[in-house]
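Summary of the model geometry
Take a look at the letters that make up each chain.
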Amino acid sequence: QVQFVESGGGLVQPGGSLRLSCAASGTISRIIPIGWYRQAPGGLRALVASISSGGGTNYADSVKGRFTISRDNAKNTVYLQMNSLEPEDTAVYYCNLFPPESRYWGQGTQVTVSS
């Protein structure tokens, strides 16, 4: 069984930064592909960024150049550094496997970008 716990969200002004953390626990291999996803009010859950077992990364066009995904395998943790935040980034952010499995969705962490 795998559990993902997201943290690090909050309220930030446009242009600000946040770093989200995704702690993975359970009987999993440390080296697994992980994705960060987000769901805005009234919208669908969508992939923001992913990181492969080898460290390769992929980003949604809307966040390229602003967000950086990274992982610390020793800590079973994946991070999402978010810079130059925009009101359109407001959403609940989740982590999961990449591609995701429905049974592993957690509570997510709320990110609100507003002045």
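These notes cover the structure that comes with them. All residue numbers here refer to positions counted from 1 along the written sequence of the relevant chain. Side-chain atom pairs in this predicted model are given and counted only at pLDDT of 80 or more, local residue features only at pLDDT of at least 70, and totals for whole chains, interfaces and linings cover all residues. With hydrogens and water excluded, all non-hydrogen atoms of the structure serve as input to the side-chain values.

Partly exposed residues are those whose accessible area sits between 20% and 50% of the maximum for their type, while under 20% is buried and over 50% is exposed, using a 1.4 Å probe and protein chains only. Each helix is a run of DSSP H or I of at least 4 residues and each strand a run of E of at least 2, with the numbering of both proceeding from the N terminus. The alternating pattern of strand 10 (residues 109–113) places Thr109, Val111 and Val113 on a buried face, while none of Gln110 and Thr112, on the opposite face, is buried. By definition, two strands form a pair when at least two bridges between them are found by DSSP. In this sheet, strand 10 lies alongside strand 2 (residues 10–12) in parallel orientation, the contact comprising 3 bridges. Looking at strand 10, one finds that leucine 11 is bridged to threonine 112. Direction of pairing for strand 9 (residues 91–97) relative to strand 10: antiparallel, over a ladder of 3 bridges.

Take the nonpolar core next. Among the buried residues, those of types Ala, Val, Leu, Ile, Met, Phe, Trp, Tyr and Cys that are joined through side-chain atoms within 4.5 Å form a nonpolar core. Counting residues in hydrophobic clusters, the biggest one holds 28 residues, and the most contacted among them are Phe4, Trp36, Leu80, Met82 and Tyr93. Of all the secondary-structure elements, those providing two or more residues to this core are strand 1 (2–7), strand 3 (18–26), strand 4 (34–39), strand 5 (46–51), strand 7 (67–72), strand 8 (77–82), strand 9 and strand 10. Only heavy atoms enter the contact rule, under which two residues are in contact if any of them lie within 4.5 Å. The residues contacting phenylalanine 4, other than those within four sequence positions of it, are Cys22, Ala23, Ala24, Ile34, Cys95, Asn96, Leu97, Tyr104 and Gly106.

With that settled, consider the sheet that holds strand 5. Spatial ordering of the open sheet is given by 2-10-9-4-5-6, a layout of 6 strands whose pairing is mixed. The open sheet is flanked by strand 2 and strand 6 (57–59), the only strands paired with a single partner. Across the sheet, the mean angle from the axis of one strand to that of its neighbour is 25 degrees, orientation sign disregarded. With 5 bridges joining them, strand 4 and strand 5 adopt antiparallel strand pairing. Within strand 5, the residue paired with glycine 35 across the bridge is serine 50. The axes used here are C-alpha line fits, helices contributing only the stretch in contact, and every angle between their N-to-C directions lies in the interval 0 to 180 degrees.

By themselves, these are just geometric observations and shouldn't be taken as functional.
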